[in-house]
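Here is what each chain is made of, one letter per residue.
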Amino acid sequence: MIPFNVPPYCGREDAYVLEAIHSHKISGDGAFTKKCHAWLEEHTGAARALLTTSGTHALDMAALLCRLEPGDEVIMPSYTFSSTANAFVLAGAVPVFVDIRPDTMNIDETLIEPAITPRTRVVCVVHYAGVGCEMDTVMDIARRRGLKVVEDAAQGVMASYKGTALGAIGDYGCFSFHESKNYSMGEGGALLLRQEDPRAEVIREKGTNRARFLRGQVDKYTWEDLGSSYLPSELNAAYLYGQLEMAEEINAARLHAWELYRQALAPLADRGYIDLPHIPDGCAHNAHMFYIKARDLNERTALIAYLKANGVGSVFHYVPLHSAAAGLRFGRFHGEDRYTTRESERLLRLPMYYGITDSDVLYAAETVAAFYREGRK
Ligand SMILES: *Cc1c(COP(=O)(O)O)cnc(C)c1O
């Protein structure tokens, strides 16, 4: 069986985790966390990067930093993970979902402005598959209309839009280092700040000024603001550092596998059986996933079963949030759902991970081709 995902592992993680253990500093914000922060700031250009306990918690922190009031509205796509919307609902806001573009599965930037009301405070974009949203348009709308921009760049580490790292374009960017992402620490994430904001480290440290205390800037630490415990252990940071050090190599290997898939599946796409991902000009993606689109839900269901029977793991995801139980309760959809539901039912993710072999990629692609040869002559 070719698994759908294998968590990344480069080889130096063990030694770094041991080093953290023997340093007798295993709670958060030790030497490895600082190294990860420095790496993230250097590679994204963000003014500040803070490791978090998950991508979800990075989003929660971003929502708290937006200073939302009950009933404030946040425009976002419906085709995303629950955490994107949950963060803002926890902060008292209402998610207003708009449709996606079928070519990238990202928010349709032309639908943002029509969804703005006097209560709109934030636009939260999701860079699906590590392919950037149309950020020039998003940032222009936000500037003109006085909105904050949060980037759910959970899938976007090492990807960029017109030369700027995803996550470092809007006010706040959120990375995930879950085991299913390109770089991992088991469970973890990071918040990127385009501009320094002293509230961020307070929110991350249970609402206290402990970070300033540890730097010797105050002589005791106290409760100052809202917050929770969003800083990860050094053990997780040590594992992550072993991967960030290898980021160029991991990225290149993933892009190689992605390109191999694209070439192998191009003939099927040319004949109109499937659709392949589109990478707009100006977007440098990170091969977070390789997906194809079948004709419809029935065909996708049959294809998943065929791939499984032939030893290839494949998955779909994201029941659109606006049609899920919590989405119906907490949010609303603005405009027409032309693509969100239809395209989400067609999309299928093929095996993609650091270390996948060329022959496994070619076998997975060939199995897709065989399905269409046998079933749809
Ligand atoms: C993975 C992911 C998250 C959540 O990240 P965790 O680290 O698992 O909490 C949020 N949004 C998107 C788009 C994701 O892919």
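Residues numbered from 1 in each chain as written. Predicted model: local features only at pLDDT ≥ 70, side-chain atom pairs only at ≥ 80, totals over all residues. Heavy atoms only, no water.

## Description of the environment of Ala 309
Within the element layout of this structure, Ala 309 appears in helix 10 (residues 297-309). A residue is classified by how much of its surface remains accessible, and Ala 309, at 68% relative accessible area, is exposed. (Helix = DSSP H or I, 4+ residues; strand = E, 2+ residues; numbered from the N terminus. Buried < 20%, exposed > 50% of the residue type's maximum accessible area, 1.4 Å probe, protein only.)

## Observations concerning the site of the ligand
Lining the immediate environment of the ligand, one finds 14 residues, of which Gly 55, Thr 56, Asp 152, Ser 176 and Lys 181 sit closest. Here a nitrogen atom of the ligand sits 2.8 Å away from a polar atom, N or O, in the side chain of Asp 152. Relative to its unbound accessible surface of 380 Å², the ligand loses 92% to contact with the protein. Of the residues that constitute the shell around the ligand, the class distribution is four nonpolar, eight polar and two charged. (Near = heavy atom within 4 Å. Polar contact = N/O pair within 3.5 Å; in protein donor to acceptor, adjacent residues only side chain to side chain. Areas by Shrake-Rupley, 256 points an atom, 1.4 Å probe, with all protein chains shown as cover. Nonpolar A, V, L, I, M, F, W, Y, C, P; charged D, E, K, R; others polar.)

## Digging into the sheet that holds strand 5 (residues 148-152)
In spatial order, the strands read 1-9-8-5-4-2-3-12; together these eight strands make up an open sheet with mixed pairing. What marks the edges here is a single partner per strand, and that holds for strand 1 (48-52) and strand 12 (332-333). Helix 3 (residues 55-65) rests against strand 1, strand 5, strand 8 (172-176) and strand 9 (189-193) of the sheet, and its axis sits at about 165° to strand 8. (Pairing = 2+ DSSP bridges. Contact = heavy atoms within 4.5 Å. Axes fitted to C-alpha atoms, helices over the stretch in contact; angles between N-to-C directions.)

## What about the packing of aromatic side chains?
Applying the stated rule across the entire model yields 14 aromatic pairs. Summarising the aromatic geometry, the rings of Phe 32 and Tyr 241 are spaced 6.4 Å apart at their centres and angled 50° between planes, so their arrangement reads as tilted. Here Phe 32, found in helix 2 (residues 31-44), pairs with Tyr 241, found in helix 8 (residues 234-244); they are 209 residues apart in sequence, far enough to count as distant. For Tyr 241, a relative accessible area of 15% gives the class buried. Each ring, one from Tyr 79 and one from Tyr 318, has its centre 5.0 Å from the other, and the planes form 80°; the classification is edge-to-face. With Tyr 79 in the loop between strand 2 (73-77) and helix 4 (82-90) and Tyr 318 in the loop between helix 10 and helix 11 (325-330), the pair connects residues that are 239 residues apart, well separated along the chain. (Phe/Tyr/Trp six-rings, centres within 6.5 Å; stacked < 30°, edge-to-face > 60°.)

## Some thoughts on the pattern of salt bridges
Throughout the structure, instances matching the rule amount to 27 salt bridges. Ionic pairing is found between Asp 136 and Lys 162, a salt bridge with its closest N-O pair at 2.7 Å. Note that Asp 136 is positioned in helix 5 (residues 135-145) and Lys 162 in the loop between strand 6 (160-161) and strand 7 (164-165), a separation of 26 residues in sequence. Exposure remark for Asp 136: the relative accessible area of 42% places this residue in the partly exposed category. The closest approach of N and O atoms between Asp 225 and Arg 199, which form a salt bridge, is 2.9 Å. Of the two residues, Asp 225 is situated in the loop between helix 7 (210-214) and helix 8 and Arg 199 in helix 6 (residues 199-204); the sequence distance between them amounts to 26 residues. (Salt bridge = Lys/Arg side-chain N within 4 Å of Asp/Glu carboxyl O.)

## Let's talk about the packing of helix 3 against helix 4
Between helix 3 and helix 4, the least distance of the axes is 8 Å, while the angle of their chain directions is 35°. Crossing hand, helix 3 versus helix 4: right-handed. Here helix 3 contributes Thr 56, Leu 59, Asp 60 and Ala 63 to the contact with helix 4, which in turn contributes Ser 83, Thr 84, Ala 87, Phe 88 and Leu 90. Split by residue class, the contact of helix 3 with helix 4 holds five nonpolar, three polar and one charged. (Left-handed = near helix turned anticlockwise from the far one by under 90°.)

## Looking at unusual backbone geometry
Unusually for a residue other than glycine, Ala 129 sits at a positive phi of about 60°. Mapped onto the elements of the fold, Ala 129 is located in the loop between strand 4 (120-126) and helix 5. Even without a glycine there, the phi angle at Ala 287 is positive, about 50°. Residue position: Ala 287 is located in the loop between strand 10 (283-284) and strand 11 (290-293).

## What about the pairing of strand 4?
Counting buried positions over the seven residues of strand 4 gives six, a clear majority of the element. The pairing of strand 2 with strand 4 spans three bridges and is parallel. Residue pairing across strands places Val 74 opposite Val 122, the latter belonging to strand 4. With helix 5 bridging strand 4 and the parallel strand 5, this β-α-β connection has right-handed handedness. (Right-handed = clockwise from strand over helix to strand, strands pointing away.)

## Quick notes on helix 13 (residues 358-375)
With 18 residues, helix 13 should cover 26 Å at 1.5 Å per step; its first-to-last C-alpha distance of 26 Å lies within 8% of that length. Every buried residue belonging to helix 13 is among Val 361, Ala 364, Ala 365, Thr 367, Val 368, Ala 369, Ala 370, Phe 371 and Tyr 372, and all of these are buried. Tucked into the core, helix 13 has its buried residues touching helix 9 (247-270), strand 11, helix 10 and strand 13 (347-350). (Expected span 1.5 Å × (residues − 1).)

## Considering the pairing of strand 13
Side chains of strand 13 alternate between two faces, with Leu 347 and Arg 349 and Leu 348 and Leu 350 buried alike. Of the strand pairs in this sheet, strand 11 and strand 13 are connected by four bridges, and their pairing is antiparallel. Across the sheet, residue Lys 293 finds its bridge partner in strand 13, namely Leu 347.

## Notes on the packing of helix 10 against helix 13
It is at 10 Å that the axes of helix 10 and helix 13 come closest, and there the two elements cross at 125°. It follows that helix 10 is oblique to helix 13 by the angle criterion. Handedness of the crossing formed by helix 10 with helix 13: right-handed. Facing Glu 299, Ala 302, Leu 303, Tyr 306 and Leu 307 of helix 10, the residues of helix 13 in contact are Ala 364, Thr 367, Val 368, Ala 370, Phe 371, Tyr 372 and Glu 374. Looking at the contact of helix 10 with helix 13 residue by residue, the classes come out as nine nonpolar, one polar and two charged. (Parallel < 35°, antiparallel > 145°, perpendicular 65-115°, else oblique.)

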